[in-house]
Amino acid sequence: MKRKKQKEPVGMNCAEIFAALALLEKERGIPQTFMMDKIIQALTTAYKRDHDGVENVIVDVDEEHQTLKMYVQKMVVADEDYVDPANEISETEARALSASHVVGGVVNLPVDNVEFGRIAAGNGKQVIIQGLREAERGMVYDEFNSKQHEILTGVVTRIDPRNGNVSLRIGTGTESTEALLIAGEQVKDEELTEGSHVKVYVVEVRRSTRGPQVLISRTHPGLVKRLFELEVPEIFDGTVEVRSIAREAGSRTKMAVWSNDENVDPIGACVGPKGQRVATIVEELRGEKIDIIKYSEDPAAFIAAALAPADVLEVMMADEGKACRVIVPDDQLSLAIGKEGQNARLAARLTGYKIDIKPEHYQEDGAAEETV
């Protein structure tokens, strides 16, 4: 008479689980230990849910033989103290299993294979799917979190006609994600089309239930700084530092630079031979004007430089607070202020000072009034 082969519990194929986890690690880069921890957690939670009061459940993983076994761990107590069958076992019962068991020790009681198989069938696949999603989200988050304040190239996938928000796909393969370039972070009058490639600045990466949220911008001053780092070797290697940036995206940027090497001209390094370096960045920014200014520790000198291209005759610093009055030639007042006040506004943001610009004759009139 042939012996019947004992059937494996329905839905409980340990070899398949181990094979699936190995494949995930190979193809997706998700560690087997991460996924196995998720499966163990789900199996123990499911068992506890079905068995009120059970506190200690153990899943034993045997990687060599590719098996999983579940045990309920109970404390051995004296016969007269035995009150909690869910978590305790009497000394008599424990010693019936093995004479080595003593009061105060623990006994691991194996869960019936059929019940274990039922639990695994109801939770295993779902846990693997959830764990896979969670792991992928975590990997994508880690990938893009490391790229905060960097420039990435995205492909426009959709433009919302209602609000002008643009969806971009950034990254490649499994480590890619959708990012939203909201209308407020887009350069005014810059036209983006589906399928086009566009450089964006990663402002922040946040975790969310639907995966990582990558906040991107085309208007952030950091975009200009990173473009110069890519184009100017002296900035990349730290010889030239970008000390401050003020930007009105799509129109004009002022950038203050400083050289740690007296033999290196910071402005010349940024402009490049025949203006090639700055021209490349201007082209990337669709024609945005860029004023490159030499930073100075002397606030008056820095403010005077920041108001370029206007000439400055005098900078009078306020006795208190970050404020000053600047005197410029009469014929350069409008140049110093700029169209709709842009030059003065950017200079103030670049330096951090409130700037009151007056023409040369203002000083003379003031002196005349004082002598009257």
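Our subject is the structure that appears above.
Residues numbered from 1 in each chain as written. Predicted model: local features only at pLDDT ≥ 70, side-chain atom pairs only at ≥ 80, totals over all residues. Heavy atoms only, no water.

Asks: Which residues make up the overall build of the protein chain, and what values go with them?
Replies: Secondary structure assignment for the protein chain yields 12 helices and 15 strands. Evaluated residue by residue, the protein chain yields a buried proportion of 39% over its 372 residues. Within the protein chain, counting contacts between residues at least 6 apart in sequence, those at least 24 apart form 58% of the total. Total accessible area computed for the protein chain in this model is approximately 21700 Å², and 49% of it derives from carbon and sulfur atoms. (Helix = DSSP H or I, 4+ residues; strand = E, 2+ residues; numbered from the N terminus. Buried < 20%, exposed > 50% of the residue type's maximum accessible area, 1.4 Å probe, protein only. Contact = heavy atoms within 4.5 Å. Areas by Shrake-Rupley, 256 points an atom, 1.4 Å probe, with all protein chains shown as cover.)

Asks: Lay out the pattern of salt bridges with the relevant residues and their values.
Replies: Here the structure, examined in full by the defined rule, presents 20 salt bridges. Its salt-bridge partner being glutamate 178, residue arginine 169 comes within 3.4 Å of it at the nearest N-O pair. You can call arginine 169 partly exposed: its relative accessible area is 31%. Taking the shortest distance from any N to any O, the salt bridge between arginine 226 and glutamate 229 comes out at 2.5 Å. (Salt bridge = Lys/Arg side-chain N within 4 Å of Asp/Glu carboxyl O.)

Asks: Describe the sheet that holds strand β14 (residues 323-328), naming the residues involved and giving the relevant values.
Replies: Backbone hydrogen bonds are what pair the strands of a sheet, in a parallel or an antiparallel way. The strand order across the open sheet formed by 3 strands is β13-β14-β15, and the pairing between neighbours is mixed. Of all the strands in the sheet, just β13 (314-317) and β15 (354-359) have a single pairing partner and so form its edges. In this sheet, adjacent strand axes meet at a mean angle of 20 degrees when their direction is disregarded. With 6 bridges joining them, β14 and β15 adopt parallel strand pairing. Paired with valine 328 across the strands is proline 359, a residue of β15. On the sheet, helix α9 (residues 299-306) packs against β13, β14 and β15 and is oriented at approximately 130 degrees with respect to β13. (Pairing = 2+ DSSP bridges. Axes fitted to C-alpha atoms, helices over the stretch in contact; angles between N-to-C directions.)

Asks: Please give an account of the sheet that holds strand β10 (residues 240-248) that cites residues and values.
Replies: With mixed pairing, the 3 strands of this open sheet are ordered in space as β10-β11-β12. Edge positions in the sheet fall to β10 and β12 (289-294), since each of these pairs with one other strand and no more. Across the sheet, the axes of successive neighbouring strands diverge by a mean angle of 20 degrees, strand direction being ignored. Here strand β11 (residues 252-259) runs beside β12; their pairing, made up of 6 bridges, is parallel. The residue bridging alanine 256 from the neighbouring strand is isoleucine 293, located in β12. The sheet strands contacting helix α5 (residues 221-231) are β10, β11 and β12, and the helix crosses β10 at an angle near 140 degrees.

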